[in-house]
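Summary of structural features
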Amino acid sequence: MSKDADLEQANKPESGVVQVEPVIPEQPQTAAPTTAVVSTATTVIAVTNGEKPVEATPATIATTATTATSATPATAEQVQPATTIAGIELATPTSPPTGSGKANMDPALINFKVLYVLTQLCGLTMIVLVATWIGQHFGGLAGTSNPGVEFNWHPLFMTIGFIYLYGNSILIYRGFRTTRKKTLKLTHAGIHMAAFILTVIALKTVFDSHNLANPPIPNMYSLHSWLGLSAVIIFSLQYVAGFVAFLAPGLRENYRIAMMPLHIYFGLFGFVLAIASALMGITEKAIFAIKTPAYSTLPPAGVLANVIGVLYVVFGALVVYLATDPAYKRKPIPEDTALLNSSSTNE
């Protein structure tokens, strides 16, 4: 009996030790994290769901700990994308578009590009047809030794300079809307200068063809010559006024703002007047020069002259439409604002 009792007493401490050793280190490791997880999870749930803070009671700690521990990863996954999206919201325009670029483009800008390309094709076609017209039917080009053929420089240079370049100079701001305003101003002035040089040469050739003819032909007697010279004078005054107001330094900003509507109006008016004068001029040339067969029988030279006139009208209508529709107006870019502020400071 004593031996059995001794064996039982010896075994009890050993079993007690075996049971106590795993329990003592596990309790401090699980108790503190459980409390932290419960408080953290409770706070996350309350904040993310828009609820008021809830106090954790001893009766609900066990249930909350189990629920929060399982819900915390899902909640964190839901909160993090929302925070990330809000953080990159301003940068989303620079991310690659999901669809095609044309699908995301402004419809008005798409229409402008289509009409702008059509305008260029129309303008280049009318230049080619004028060159073909004078080359195939009126002897090509010559100098002062042949005044009759020297006249052919007049319709060619007027078409290139006073119609095509003039129209493109008007559209330069809307056609290249992402370019700096200062660069566009210089380009606008440069194209106008090229158009002016070609116009002066064209006027010289027409006066030479009249004065050097035998017998001489009177000058400035037709409506075409009156309107044409008026368009050239308006064009020249426009160039000088625009250079002083918008390129030369020193003019106050309020004066520039006041002159802008006048500059736009008279620029378009001079262009329309140039188109009207060109239509009269090509009609005069067809009537006076197409003799055998007569223009009234509609020979190939006459048909070509009529087609050129139609292209003048189409080109002019497209330029005026693109230049006046508010939907196609160029929007300022940050560089324009900086340039305006610096010019205002200098003044």
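Residues numbered from 1 in each chain as written. Predicted model: local features only at pLDDT ≥ 70, side-chain atom pairs only at ≥ 80, totals over all residues. Heavy atoms only, no water.

Turning our eyes to something else, we now look at the packing of helix 3 (residues 107-137) against helix 9 (residues 300-324). Remark: helix 3 packs on helix 9, axes separated minimally by 9 Å, with the N-to-C direction vectors making an angle of 155°. With respect to each other, helix 3 and helix 9 are oriented roughly antiparallel. As for how helix 3 packs across helix 9, the hand of that crossing is left-handed. In the contact of helix 3 with helix 9, the residues fall into 23 nonpolar, five polar and no charged. (Axes fitted to C-alpha atoms, helices over the stretch in contact; angles between N-to-C directions. Helix = DSSP H or I, 4+ residues; strand = E, 2+ residues; numbered from the N terminus. Parallel < 35°, antiparallel > 145°, perpendicular 65-115°, else oblique. Left-handed = near helix turned anticlockwise from the far one by under 90°. Nonpolar A, V, L, I, M, F, W, Y, C, P; charged D, E, K, R; others polar.)

Bringing the confidence of the model for the protein into the picture now. Scored by pLDDT, the protein comes out at a mean of 77, with 66% of its residues at no less than 70. Taken element by element, the predicted model of the protein shows its lowest mean pLDDT in helix 2 (residues 58-87) (42) and its highest in helix 9 (97). Note that residues 5-100 has pLDDT below 50 and, in this model, 21 contacts with residues that lie over four places away or in other chains. (pLDDT = per-residue confidence, 0-100. Contact = heavy atoms within 4.5 Å.)

Residues Trp133, Phe162, Ile308, Tyr312 and Phe315 are the most contacted members of the largest nonpolar core, which totals 47 residues. Put simply, the parts of the chain that give this core at least two residues each are helix 3, helix 5 (153-175), helix 6 (181-211), helix 7 (223-247), helix 8 (253-289) and helix 9. With residues up to four places along the chain from it excluded, the contact list for Phe162 reads Phe157, Thr199, Ala231, Val232, Phe235 and Ala274. (Core = buried A, V, L, I, M, F, W, Y, C linked by side-chain atoms within 4.5 Å. Buried < 20%, exposed > 50% of the residue type's maximum accessible area, 1.4 Å probe, protein only.)

Further remarks concern the pattern of salt bridges. Across all of its chains, the model carries one salt bridge by this definition. Lys204 is the salt-bridge partner of Asp208, the closest N and O atoms lying 2.6 Å from each other. Here Asp208 pairs with Lys204, and both are found in helix 6, just four residues apart, close to one helical turn. A relative accessible area of 15% means that Asp208 is categorised as buried. (Salt bridge = Lys/Arg side-chain N within 4 Å of Asp/Glu carboxyl O.)

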